[in-house]
Amino acid sequence: PVPPFRIGDPTWYVGTAGLSALLVKTDAGAVLIDGGMPQAADMILARMRELGVAPSDLKYILHSHAHADHSGPLAAIQRATGARVVSNAESDALLARGGSADLHFGDEIQFPPLRADRLVLDEEVLELGGMRFTVHFTPGHTPGSISWTWDDTRNRKPLRIAYVDSLSAPGYHLAGNPRYPHIVDDYRHSVEVVRALPCDVLITPHPDASGWTPANTSAPPPQPMTCADYATRAATRLDEQLKAEEAKH
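To keep things clear, this report deals only with the structure shown in the data block. (Residues numbered from 1 in each chain as written. Predicted model: local features only at pLDDT ≥ 70, side-chain atom pairs only at ≥ 80, totals over all residues. Heavy atoms only, no water.)

1. Overview of helix α3 (residues 74–81)
Within the span of α3, buried status applies to Leu74, Ala75, Ile77 and Thr81. The buried residues of α3 occupy an angular sector of 165° when the element is viewed end-on, so they sit on one face. Buried residues along α3 sit against β4 (29–33), α1 (41–50), β5 (58–62) and α2 (68–71). Immediately downstream of α3, the backbone of Gly82 shows phi near 75°, a positive value. (Buried < 20%, exposed > 50% of the residue type's maximum accessible area, 1.4 Å probe, protein only. Helix = DSSP H or I, 4+ residues; strand = E, 2+ residues; numbered from the N terminus. Arc of directions from axis to C-beta. Contact = heavy atoms within 4.5 Å.)

Below is the structure:
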């Protein structure tokens, strides 16, 4: 655990040292993005209370992708708050399975299942209390991976925040994967989507993927990694992983 700290004027980091969770406070209620592991539910609810957000104040729960280390506590938080879970059709199916029969990990990363209350389309905007959250489909890490952008402020100056999903492929079978035949095309598409995002501050589900560690700092670094840099690094890793697969065969 790390103490909550401010990213933008209404946006707070409420996750742990290695797994991001963001709370955005508005005059009409709050929005939670991701939660970490299943056992983090009570911690997230406690962080909300510390920041003056009662359970009933949480209106929406957003997420990046349906793996246990990011969506793990969302079912418990939804039950405790009554907040509406927002997802897309691909991730909704994965959330409902609670991680079972995962494309790459089988039944190794299960978590309490949940269903979405609202399904969004690519580039759709979710509004609450004057804040506008734009959804960007960035499939690859999972078929339903989602990134979010919103216009924030810091010290009342404009700040564009991008919460960008993982672009990694940890141990994945990429070329010719029979369960996900277009996975490489999806990754390449998502890389270009991320490269073009409005992005003054980049936050990723694993903070160290974008170059900072909450355990060692009270905020993202003064010169955080850009979305373009993140995309370029992901494209390089993807090419290297594909070459390694080819070499094995």
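Here the narrative resumes.
2. Re the pairing of strand β3 (residues 22–26)
Of all five residues in β3, four are buried, a share of seventy percent or more. Bridge analysis of strand β2 (residues 11–13) against β3 gives three bridges, and the strand direction is antiparallel. Looking at the pairing, Tyr13 lines up with Leu22 of β3. As judged from the five bridges shared by β3 and β4, these two strands associate in the antiparallel manner. Residue pairing for β4: Lys25 is matched across the bridge by Ala30. Taking the residues between adjacent antiparallel strands as the criterion, β3 and β4 are bridged by two residues. (Pairing = 2+ DSSP bridges.)

3. Remarks on the packing of helix α5 (residues 183–195) against helix α6 (residues 227–248)
Contact pair α5 / α6: the axes reach a minimum separation of 8 Å and the direction vectors enclose 160°. Here α5 lies roughly antiparallel to α6, going by the angle between them. For α5 against α6, the interelement crossing comes out left-handed. For the pair α5 and α6, the contacting residues are Val184, Tyr187, Arg188, Val191, Val194 and Arg195 in the first and Cys227, Ala228, Tyr230, Ala231, Thr232, Ala234, Ala235, Leu238, Asp239 and Leu242 in the second. Partitioned by chemical class, the residues of the contact of α5 with α6 number twelve nonpolar, one polar and three charged. (Axes fitted to C-alpha atoms, helices over the stretch in contact; angles between N-to-C directions. Parallel < 35°, antiparallel > 145°, perpendicular 65-115°, else oblique. Left-handed = near helix turned anticlockwise from the far one by under 90°. Nonpolar A, V, L, I, M, F, W, Y, C, P; charged D, E, K, R; others polar.)

It is worth stressing that arrangement in space is one thing and function is another; only the former is reported here.
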